[in-house]
Amino acid sequence: MGSLKKEEEQDLKVSNEALLYVNGVRRVLPDGLAHLSLLEYLRDIGLTGTKLGCGEGGCGACTVMVSHYDRKLMKCSHYAVNACLAPLYSVEGMHLITVEGLGSCKRGLHPVQESLARTHGSQCGFCTPGFVMSMYALLRSSQTPPSEEQIEECLAGNLCRCTGYRPILDAFRVFAKTSNDLYTGVSSLNLEEGNGVGGLMWYRPLTLQHLLDLKAKYADAKLLVGNSEVGIEMRLKRMSYWVLISVMHVPELNVLDAKDDGIEIGAAVRLSDLLNFFRKVATERAVHETSSCKAFIEQLKWFAGTQIRNVASVGGNICTASPISDLNPLWMAARAKFRIIDTKGNIRTVLAENFFLPGYRKVDLASGEILLSIFLPWNRTYEFVKEFKQSHRRDDDIAIVNAGIRVHLQEHSEKWVVADASIFYGGVAPYSLAAAKTKEFLIGKIWDQDLLQNALKVLQKDILLKEDAPGGMVEFRRSLTLSFFFKFFLWVSHQMGGIKERIPLSHLSAVHSDRRPQITGSQDYEIMKRGTSVGSPEVHLSARLQVTGEAEYVNDTPMPPNSLHAALVLSTKPHARIIRIDDSEAISSTGFVRLFLAKDVPGDNKIGPAVADEELFAVDYVTCVGQVIGIVVADTHENAKIAARKVNVEYEELPAILSIQDAINAGRFHPNTEKCLSKGDVNHCFQSGQCDQIIEGEVQMGGQEHFYLEPQSSLIWTVDGGNEVHMISSTQGPQKHQKYISHVLGLPMSKVVCKTKRIGGGFGGKETRSAFIAAAASVPSYLLNRPVKITLDRDVDMMITGQRHSFLGKYKVGFTNEGKVLALDLEIYNNGGNSLDLSLAVLERAIFHSDNVYEIPNMRVMGRVCFTNFPSHTAFRGFGTPQGMLITENWIQRIAVELKMNPEMIREINFQGEGSVLHYGQKVQNSTLAPLWNELKLSCDFAEAREEVDQFNGHNRWRKRGIAMVPTKFGISFTLKHVNQAGALVQVYTDGTVLVTHGGVEMGQGLHTKVAQIAASAFNIPLSSVFISDTSTDKVPNASPTAASASSDLYGAAVLDACEQIMARMKPIASQRDFTSFAELVGACYEERIDLSAHGFYITPDIGFDWTTGKGKLFRYFTYGAAFAEVEIDTLTGDFHTRVANIVLDLGYSLNPAIDVGQIEGAFMQGLGWVALEELKWGDGGHKWISPGCLYTCGPGAYKIPSINDVPLKLNVSLLKGHPNVKAIHSSKAVGEPPFFLASAVLFAIKDAIIAARAEMGCNDWFPLDTPATPERIRMACLDELSSSLVNSDFHPKLSV
Ligand SMILES: Cc1cc2nc3c(=O)[nH]c(=O)nc-3n(C[C@H](O)[C@H](O)[C@H](O)COP(=O)(O)OP(=O)(O)OC[C@H]3O[C@@H](n4cnc5c(N)ncnc54)[C@H](O)[C@@H]3O)c2cc1C
Ligand code: FES
Ligand code: FES
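All figures in this text were calculated on a predicted structure; none of them were measured in a lab. (Residues numbered from 1 in each chain as written. Chains lettered and ligands numbered in written order. Predicted model: local features only at pLDDT ≥ 70, side-chain atom pairs only at ≥ 80, totals over all residues. Heavy atoms only, no water.)

**A short note on the UniProt feature "binding site: [2Fe-2S] cluster 1" (unreviewed entry) in the chain**
- Mapped onto this numbering, the UniProt entry gives "binding site: [2Fe-2S] cluster 1" (unreviewed entry) at C54, C59, C62 and C84. In summary, the annotated positions, though distributed over 31 residues, converge in three dimensions, the widest C-alpha pair being only 10.1 Å.
- Following the sequence through the fold, C59 ends up in the loop between α1 (38-44) and β3 (63-70).
- In this structure, C59 is in contact with G53, C54, G157, N158, L159 and L709, ignoring residues within four places of it in sequence.
- With respect to the element layout, C84 can be found in the loop between β4 (75-82) and β5 (95-97).
- We classify C84 as buried; its relative accessible area is 4%. (UniProt positions renumbered as here; feature names shortened; annotations may be inferred. Helix = DSSP H or I, 4+ residues; strand = E, 2+ residues; numbered from the N terminus. Contact = heavy atoms within 4.5 Å. Buried < 20%, exposed > 50% of the residue type's maximum accessible area, 1.4 Å probe, protein only.)

Shown next, in the form of structure tokens:
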């Protein structure tokens, strides 16, 4: 793509050399690279600190800083951009700073890096360079130290899945107070006048005339400024353009001028510049003139993240004409005019409201025309403009519905009459839509309550959406159009001082502005130090490598010579017979080497971790969209993907099962997965009349995507002519990779080696679902004898690698009028997808934990794994436990509603106590539930919080607060007994340093740090003397996957065993005399020929469970915890935020309290995503607008994990003190999964707030609230006059389950 050709026009100046400075180094950009993104270029030249997390501008992992000389401002301008979307040539003539340009472990760290490392701000580290660069760019661009608010704002475009953000904020907060001394680093260069680059496809005109000439020559050329739209079109939507013209340097397109009658804004003005300009004029002009400007300021604050706003342009947004553009409804409402120029220089002006034509992305712009500028008039007195936007996530998210509404009032006979109005909505039609009839209705009417009521009726008929409208959420979207107008009415009336209409004070809550206070919090723990290191809050051992970008992940490893790249050929049908696979088109694709199919597999094509029910490559049938049919290898990653797409597969479609309910109806369950446990006599209890009340109900919850920041990746190569196979993989189970690959290649396991240094997050998603990808890539590597790398694109990764299981629970529960639970009959179903994978074990855990912490004398739980035509669902932090416990907490909460009692009261009176016998026969021992619960209750002052919330709710009609306290108990051990074993290899060297290798994988959770601490304490040496390299199947065999929270217990004990063996061997020497150092002792032992290497081994003692009796001791111990949450919701839009979260967890004597707090906060935020934000939308019966079986939410654009602004405003974490755990190493407890469920306190607090909202309508009955409780579910559950005109009180938004 993009071969070089000099510009032929004489009058188009060209330069022979296109330059770019990277970290101070001058680089000449070769011609012909117009197709390359800046990220690809950087990584190609070895700067791999900048990561590829999503490739669509949604995660910030690729953030770099761009500096260039701004001729208008006559100074250097520095800003953060997403390198994945920036075309390489767009930064020609500029200076780039990447994370490598700041500091390194050898050269020393930059203060931003130092601070982040020290405050435990990196776990897996994959997001870390992006955060560093966002913060660095903010510091470089600020003349004065930034405010805390600016810091939070600048990080909104960076996602982290591990830390929960709090430590990152803490790390960067210090810069809010420091001086310019910190602003060190490489200064940017004063660039010479740049000339257009003469590439075939890339032009960068410097004058309007040059641009018009180019446009005349290439009528179909794509103009570019930020490329945030075109980049997505080319990369994700696979659209091809051949001529790209970057217009960012054309002066006429960069005008920003406040004139007498309004503001002129050049089409290429970047959104961040526009925002700053509006902020400036809003302070300089008369208040009434800038109503539109203020609306834009508010809207721009929620427009994408900083990196996108720094590059995206006004004109790019307008000309894209997206139906959900945040700005277009405002331009239209604000009476803006667009100036359009043609190639001859003729200029015409068109009103914004006439520019957008009916139809998808249609505008009044002829092919030879471009948008020159926008004119925004000042507002008149009593003219009000307001913006509205509701999205899934407040920050960095596209709108579900947005609006721009304007009204101009004039006084007539002491009444305020509507002289003019405009109402435009985004997200309700293929284009920004005018509510024309409502406008017509308003004009001439008196601005009073009658107008409101009648206008709402007109509006309801004005904005209609078909039931199967793309995007779904039809009722919610319609309700938002009413809510926005309602809010607008109240806002204007408030601005006008009430307008003689009495607006009750409590109704002003509808026009509350979303000013977020700064996030605060505390971390409270005691340090119980044992030896030199155990118990100390040591920094993650990789932190310094991570903040400098030096930490290597699989995709950063240089490719060996002769390497190939692989891409998968995937099914596009949920269930079909394969008729024909045709690779004729692929063969002629550039760089194509070969396609491999099932027939090529040298060993066994059948795989699976529990039962071999998966095909590596589909043979005759496909059973989900995204199933692997074959694998293509080619010379580059891009070419492999292109060729894979060219493999044509012909199908005969078959009926598909696309939900749990479909599976139940059809009786489609995975074989041998029916499980049942019971205790007491449930039937007898229900029939005996002991229960005062018996209720029945259903709970359903959606799945969750792991969204590890590092996509799945493996590099595989052969050794000794193909006799051995080696690989490095991003996996939680290197041994699984070894096993799968030996199986599919027909090689003994002893000839296959898998190594894993670190992974960029796993959360269960790389426990088994990484292995089939590596196994697929091993086939071409083995057969061609060449190294093969496979790295999944984010959308493919999300589509094919499975998620947390969605669940359906059907309960029948009997209880007394005092709230004591007597009997529970429960059926649970999980959505296993098209192969069993770990679904049975996940279901079993849900069964085991479906009592949470409650004493249920009579209990029966039956579970089944449903077969569906979706990719196989898999392990995810908690492994079924959260789903099981969420069902429990749902019926507990329902009992409270039925009995009109506080749910917390019901919880307390049903707590299990010491000695309680659980439904699988295990006795509760050493329970710390009571002290935990009491500590939490005290810390949040529950009774007072209840009173304050009730008071707030009484005073606020449209905003409600809610609170909840939720406990948890998490069983520690793999439920499959034999997996509870661990091996380690400890090697002591003669300089006194120690190399530890164990079977666990470092995925950010700090396992290596804790294990190294154990080794350091064992040898009584400093932590710095211990090193853990990679996990490798040839050092420690048969390791279990790193999962189930148990790895510190298991590997810590195995390492301790090895250390103790060595210490025992050294003891005779050590007792001979005093040694001045460990190194000296080791030297003496060496001379005495003492073996200084040992293999350690550990098995979890005293566990075992028998399914035939349903009894046994499943878990070694339980980790207990409890959380309190307070939330506030906007009942008109469903928007919510968490005001407070207090968490108390019992971790015994923590091995490393800083790392444990990081795990708690990260798990809590991930849990918050599960309960309130992250919705997977599949093509199923409820989502007919999505192709059957396809995942719609397959990237950060549509799937929203929590961002920095979802962190609770007050987040307090406390570790229970004074309770050592006798059952695990150094009296500690496992931490990874237990805190995840505590985020359900947020869900139940939301429900509490909704209850208050419904009570205003006299509706006090129980209602279901599915998870995730997204704005759609919150709003639709909040009954009021507006929503009841659209739906019934039992309306249930659709959910893929
Ligand atoms: C992660 C992410 C988040 C986003 N969030 C939001 C959001 O919250 N709200 C929202 O509204 N949008 C959002 N967008 C969409 C996008 O960022 C905006 O539409 C942006 O303003 C486009 O500007 P650009 O300069 O990057 O456009 P480009 O991609 O450079 O160009 C876009 C289109 O405009 C045309 N064009 C550009 N200038 C002119 C001109 N002068 N005359 C004629 N045609 C022209 C180009 O030919 C092209 O077709 C988001 C995008 C991403 C990737
Ligand atoms: S990789 Fe660029 S934003 Fe995600
Ligand atoms: S540390 Fe942020 S994604 Fe892992």
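Here the narrative resumes.
**Comments concerning empty space enclosed by the protein**
- A full pass over the atoms with the stated rule returns 13 cavities of 30 Å³ or more.
- One number sums up the size of the largest cavity: a volume of about 170 Å³.
- What lines the largest cavity is a set of 18 residues, and nearest its centre among them are V81, A86, S90, G226 and V311.
- Contributing elements (two or more residues each) for the lining of the largest cavity: β4 and α10 (306-309).
- For the lining of the largest cavity, the element with the highest residue contribution is β4, accounting for three residues.
- When the residues that make up the lining of the largest cavity are grouped by side-chain class, the tally is twelve nonpolar, five polar and one charged. (1 Å grid on protein atoms, 1.4 Å probe; cavity = no way out; pocket = protein on both sides within 12 Å on 5 of 7 lines; lining within 4 Å. Points joined across faces, edges and corners; volume = space filled by probe spheres on them. Nonpolar A, V, L, I, M, F, W, Y, C, P; charged D, E, K, R; others polar.)

**Some remarks on the site of ligand 1**
- What surrounds ligand 1 is a group of 31 residues, the closest being K222, L223, V225, S228 and S313.
- Within the backbone of V225, one N or O atom sits 2.8 Å away from an oxygen atom of ligand 1.
- Contact distances for ligand 1 include 2.9 Å between an oxygen atom and a backbone N or O atom of N227.
- Those elements giving two or more residues to the shell around ligand 1 turn out to be β7 (222-224), α7 (230-235), α11 (314-320) and β15 (370-377).
- Element by element, the count of residues in the shell around ligand 1 is highest for α11, at four residues.
- In terms of residue class, the shell around ligand 1 is built from 16 nonpolar, nine polar and six charged. (Near = heavy atom within 4 Å. Polar contact = N/O pair within 3.5 Å; in protein donor to acceptor, adjacent residues only side chain to side chain.)

**So, the packing of helix α22 (residues 734-745) against helix α23 (residues 771-784)**
- α23 packs onto α22 with a crossing angle of 45 degrees between their chain directions and a minimal axis gap of 9 Å. When the axis of α22 is compared with that of α23, the two are oblique. Handedness of the crossing formed by α22 with α23: right-handed. Contact with α22, carried on its side by K736, H737, Y740, I741, V744 and L745, involves A771, F772, A774, A775, S778, V779 and Y782 of α23 and no other residues of that element. (Axes fitted to C-alpha atoms, helices over the stretch in contact; angles between N-to-C directions. Parallel < 35°, antiparallel > 145°, perpendicular 65-115°, else oblique. Left-handed = near helix turned anticlockwise from the far one by under 90°.)

**Focus on the UniProt feature "binding site: substrate" (unreviewed entry) in the chain**
- The residues that UniProt annotates with the feature "binding site: substrate" (unreviewed entry) are E767, R845, F879 and T975.
- Look past the residues within four positions of E767 in its chain and what remains in contact with it is Q732, G733, K736, L838, A875, F879, P1041 and A1043.
- For T975, the position within the fold is in the loop between β38 (959-972) and β39 (981-988).
- Setting aside anything within four residues of it in sequence, one finds T975 in contact with R845, F848, L1114 and F1115.

**So, the side chain of E383**
- Secondary-structure assignment places E383 in strand β16 (residues 383-391).
- For E383, a relative accessible area of 2% gives the class buried.
- Within polar-contact distance, the side chain of E383 engages the side chain of R335 at 3.4 Å.
- A polar contact of 2.9 Å, which involves the side chain of E383, links it to the side chain of R406.
- Once residues lying within four places of it in the same chain are set aside, the contact partners of E383 are S291, R335, W378, R406, V407 and H408.

**A word on the pairing of strand β10 (residues 262-266)**
- A large share of β10 lies buried, amounting to five of its five residues.
- Bridging between strand β9 (residues 256-258) and β10 involves three bridges; their strand directions are antiparallel. Within β10, the residue paired with A258 across the bridge is I263.
- Between β9 and β10, which pair antiparallel one after the other, the connecting turn spans three residues.
- Note that β10 and β15 share five bridges and pair antiparallel. When the bridges of β15 are listed, E264 appears paired with F375. (Pairing = 2+ DSSP bridges.)

**Some details on the sheet that holds strand β21 (residues 564-570)**
- Strand order in the open sheet formed by eight strands is β23-β27-β21-β34-β31-β32-β33-β42, with mixed pairing between adjacent strands. The sheet terminates laterally at β23 (592-596) and β42 (1031-1032), the two strands that pair on one side only.
- Packing of helix α19 (residues 637-645) onto the sheet brings it into contact with β21, β23, β27 (628-634) and β34 (788-791), and relative to β21 it is tilted by some 25 degrees.
- Running over the sheet, α23 touches β21, β23, β27, β31 (713-719), β32 (724-729) and β34 and is turned about 30 degrees from β31.

**Looking at the pattern of salt bridges**
- Overall, the coordinates contain 70 salt bridges when judged by the stated rule.
- For K389, the salt bridge is made with D326, and the minimal N-O distance between the two is 2.6 Å. Highlighted residues: K389 in strand β16 and D326 in the loop between α11 and α12 (328-333), separated in sequence by 63 residues. The two residues K389 and D326 agree in class, both being buried. (Salt bridge = Lys/Arg side-chain N within 4 Å of Asp/Glu carboxyl O.)

**Focus on a negative patch on the surface**
- Together, D941, E944, E947 and E948 make up a region of like negative charge exposed at the surface.
- Its location among the elements puts D941 in the loop between α28 (929-940) and α29 (942-955).
- Given the relative accessible area of 38%, D941 is considered partly exposed. (Patch = residues over 30% accessible without salt bridge, like charges linked within 9 Å, V, L, I, M, F, W, Y side chains within 5 Å. Areas by Shrake-Rupley, 256 points an atom, 1.4 Å probe, with all protein chains shown as cover. Lys, Arg positive; Asp, Glu negative; His and termini not counted. Charge placed at Lys NZ, Arg CZ, Asp CG, Glu CD.)

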